[in-house]
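Residues per chain are reported as follows:
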Amino acid sequence: MMVMQYAKQRSLRKLLDNRYKDLSWRHKILNLYYITEGLVAIHEANLVHKDIHFGNIVNNNTYSSFITDFGLYRPVF
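Note that this is a predicted model, so its numbers are computed, not measured.

**A word on the layout of surface pockets**
Taken as a whole, the largest pocket spans an internal volume of roughly 150 Å³. Around the largest pocket, the lining residues are Leu12, Leu16, Tyr20, Trp25, Lys28, Ile29, Asn31, Leu32, Ile35 and Phe54. Those elements giving two or more residues to the lining of the largest pocket turn out to be α1 (12–19) and α2 (25–44). For the lining of the largest pocket, the class distribution of residues is eight nonpolar, one polar and one charged.

In structure tokens, the structure reads:
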């Protein structure tokens, strides 16, 4: 089990549902950047997520996204 910091904005889906119009393009692009950075780290470890969706991405604030649900990672082989 891994314990992570509480995500105040909850999932990316909830953030987009509740605050999409409030988010600037800068915030949207920063979210994409952090998601991409997380996927790169996963792939560099020779793993794939296998169940990536908006519910498995959580946000502490309006621009920093983190990928969760580590139980579904699998080796690339």
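**Quick look at α2**
Residues spaced three or four apart along an α-helix point in a common direction, a consequence of the helix completing one turn every 3.6 residues. Spanning 20 residues, α2 covers 28 Å between terminal C-alpha atoms, matching the ideal 28 Å at 1.5 Å per step. Along α2, the residues classified as buried are Lys28, Asn31, Ile35 and Ile42. Viewed end-on, α2 has its buried residues packed into an arc of 60°, placing them on one side of the element. For α2, the exposed residues set more than 90 degrees away from the buried face come down to Trp25, Arg26, Ile29 and Glu44. Asn46 occupies a position one or two residues after α2 and carries a positive phi of about 60°.

**Concerning the environment of Tyr34**
Note that Tyr34 resides in helix α2. Taking relative accessible area as the criterion, Tyr34 reaches 28% and is therefore assigned partly exposed.

**Description of the side chain of Asn56**
Here Asn56 shows up in the loop between β2 (47–48) and β3 (57–59). Residues in contact with Asn56, not counting those within four places in the same chain, are His49, Asp51, Phe66, Ile67, Thr68 and Asp69.

**Here we look at the packing of aromatic side chains**
The relation between two aromatic rings is expressed through the spacing of the ring centres and the mutual angle of the planes. Counting across every chain of the model gives one aromatic pair. Considering the side-chain rings of Tyr33 and Tyr34, the 5.4 Å spacing of their centres and the 70° angle between planes classify their relative orientation as edge-to-face. Taking the relative accessible area as the measure of exposure, Tyr33 reaches 45% and is therefore partly exposed. For Lys28, the ring lying beneath its charged end belongs to Tyr20, and the centroid distance is 3.8 Å. Note that Lys28 overlies the ring of Trp25, its terminal NZ or CZ placed 5.0 Å from the centroid.

Conventions and cut-offs
Residues numbered from 1 in each chain as written. Predicted model: local features only at pLDDT ≥ 70, side-chain atom pairs only at ≥ 80, totals over all residues. Heavy atoms only, no water. 1 Å grid on protein atoms, 1.4 Å probe; cavity = no way out; pocket = protein on both sides within 12 Å on 5 of 7 lines; lining within 4 Å. Points joined across faces, edges and corners; volume = space filled by probe spheres on them. Helix = DSSP H or I, 4+ residues; strand = E, 2+ residues; numbered from the N terminus. Nonpolar A, V, L, I, M, F, W, Y, C, P; charged D, E, K, R; others polar. Expected span 1.5 Å × (residues − 1). Buried < 20%, exposed > 50% of the residue type's maximum accessible area, 1.4 Å probe, protein only. Arc of directions from axis to C-beta. Contact = heavy atoms within 4.5 Å. Phe/Tyr/Trp six-rings, centres within 6.5 Å; stacked < 30°, edge-to-face > 60°. Lys NZ or Arg CZ within 6 Å of the ring centre and 35° of its normal.

Take it as geometry only, folks, not as evidence of what the structure does.
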